[in-house]
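Residues per chain are reported as follows:
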Amino acid sequence: MTADPMRPVEVRITQVARDSGDTFTITTEPLNGDGLPSFQPGQFSMLYEFGVGEIPISISGDPGIANQLRYTIRSVGAVTKALVSHQAGDAIAMRGPFGTSWPMETAKGGDVLLITGGIGLAPLRPAIYEILANRDDYGRLVILYGARSPKDVLFRKELTEWSKAPNTQVLTTVDYGDRTWRGYVGVVTKLFDFISLRPEQTTTMMCGPEIMMRFAVRGLQGRKFPDDRVFLSMERNMKCAVGFCGHCQMGPYFICKDGPVFSYPQMRHWMGDLREL
């Protein structure tokens, strides 16, 4: 993190790559040779577009690569459209990294289940890199990914590469297919029927639409996965990143400062205890 968390620093864009029709990944490096801060999987930065505004974006790159930060961005508003319209060599400003991270140490020695929907795969990608780079530290890795349609599937080549890794299973489903789609169709929770894990020895990490996470938690509870080993990334309404403005408050928590990664027991009351539904 920068010495002053409220002060942006300039970074240089080295690449802008299209991942789908409206989603891009930008790669950044130091602008003045000062070096970029390291990050933990699950953390985010505040990206600032000069004269337009600032938004929180999860880091989607490899934590093992120094002086490089990647961000996967869906182009849906003024700031995001400006960010993904850049070319290599352009400068933007950044604050961070901020926030809590995925429980990589807690997960060591056991199986790991990643459940994600849409662009929620991006905040989980650093965790996948971390696990695959230290494969002997973890047991079975299962990635369940849901997208709206085949054209919205992110990181297609990497999904294929990850599926070839030792003791790793990758399943992708879409809400609706087309003539080219040969995979699963339906909500991501339907993929639970095609996996085999040891619930009591599994750490689950989840990121996606809140409704998806609610029903995924209920599905895990029905399969005896322990609540205290389920972790959620709750990204909503973050504005300042330091718990000052209050926009992202959820119960007693500020998502930007106390999260965005929480254990499910921390969120149970504020999401609604799904066992009561």
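What comes next is a walk through the structure. (Residues numbered from 1 in each chain as written. Predicted model: local features only at pLDDT ≥ 70, side-chain atom pairs only at ≥ 80, totals over all residues. Heavy atoms only, no water.)

## With respect to the packing of helix H3 (residues 121-133) against helix H4 (residues 156-163)
Argument step 1. Where H3 meets H4, the closest approach of the two axes is 12 Å, and the angle between their N-to-C directions is 35°. Handedness of the H3/H4 crossing: left-handed. Residues Leu121, Arg125, Ile128, Tyr129 and Leu132 of H3 form the contact with H4, whose own contacting residues are Glu158, Leu159 and Trp162.
Argument step 2. When grouped by side-chain class, the residues that make up the contact of H3 with H4 number six nonpolar, no polar and two charged. (Axes fitted to C-alpha atoms, helices over the stretch in contact; angles between N-to-C directions. Helix = DSSP H or I, 4+ residues; strand = E, 2+ residues; numbered from the N terminus. Left-handed = near helix turned anticlockwise from the far one by under 90°. Contact = heavy atoms within 4.5 Å. Nonpolar A, V, L, I, M, F, W, Y, C, P; charged D, E, K, R; others polar.)

## Description of the nonpolar core
Argument step 1. Counting residues in hydrophobic clusters, the biggest one holds 35 residues, and the most contacted among them are Leu113, Ile115, Leu144, Met206, Leu232 and Met234.
Argument step 2. Broken down by element, this core gets its largest block of residues, five residues, from helix H5 (residues 210-222).
Argument step 3. Looking at which domains feed residues into this core, each of domain 1 (9-98) and domain 2 (104-233) supplies at least three.
Argument step 4. In contact with Leu144, not counting residues within four places along its chain, are Leu113, Leu114, Ile115, Thr116, Leu171, Val188, Leu191, Phe192 and Ile195.
Argument step 5. Counting residues in hydrophobic clusters, the runner-up holds 29 residues, among them Ile128, Tyr138, Val174 and Val261. (Core = buried A, V, L, I, M, F, W, Y, C linked by side-chain atoms within 4.5 Å. Buried < 20%, exposed > 50% of the residue type's maximum accessible area, 1.4 Å probe, protein only. Domains from an automatic or database assignment.)

## Quick word on the pairing of strand S4 (residues 53-58)
Argument step 1. Sheet topology places strand S3 (residues 44-49) next to S4; six bridges connect them, and they run antiparallel. Along S4, the bridge assignment pairs Glu49 with Gly53.
Argument step 2. Hairpin connection between S3 and S4: a loop of three residues separates the two successive antiparallel strands, and Gly51 in this loop has a positive phi of roughly 80°. (Pairing = 2+ DSSP bridges.)

## Some words on the sheet that holds strand S7 (residues 111-117)
Argument step 1. One open sheet accounts for seven strands, arranged S10-S9-S8-S7-S11-S12-S15; its pairing is mixed. Each edge of the open sheet is held by one strand with a lone partner, namely strand S10 (184-185) and strand S15 (261-263).
Argument step 2. Bridge count for S7 against strand S11 (residues 202-207) is six bridges, and the pairing is parallel. Its bridge partner lying in S11, Leu114 is registered against Met205.
Argument step 3. The sheet strands contacting H4 are strand S8 (141-147) and strand S9 (168-174), and the helix crosses S9 at an angle near 145°.

## So, unusual backbone geometry
Argument step 1. Residue Pro97 is bonded to the preceding Gly96 through a cis peptide linkage, with omega at 5°.
Argument step 2. Tracing the backbone shows Pro97 in strand S6 (residues 91-98).
Argument step 3. Of note, the amide linkage connecting Gly259 to Pro260 takes the cis form, showing an omega dihedral of 15°.
Argument step 4. Positive phi, close to 55°, is recorded for Asn167, a residue that is not glycine.
Argument step 5. Examined against the element boundaries, Asn167 turns out to sit in the loop between H4 and S9.
Argument step 6. The residue Ala241 is not glycine, and still its phi comes out positive at about 80°.
Argument step 7. Structurally, Ala241 can be placed in the loop between strand S12 (230-233) and strand S13 (249-250).

## As for the packing of aromatic side chains
The geometry of an aromatic ring pair comes down to the distance between the two centres and the angle between the two planes.
Argument step 1. Counted according to the given criterion, the structure contains five aromatic pairs.
Argument step 2. Ring centres 5.9 Å apart and planes at 40° place the aromatic pair Phe44 and Phe98 in the tilted group. Of the two residues, Phe44 sits in strand S3 while Phe98 sits in strand S6, which places them 54 residues apart along the sequence.
Argument step 3. Its relative accessible area of 2% is what places Phe98 among the buried residues. (Phe/Tyr/Trp six-rings, centres within 6.5 Å; stacked < 30°, edge-to-face > 60°.)

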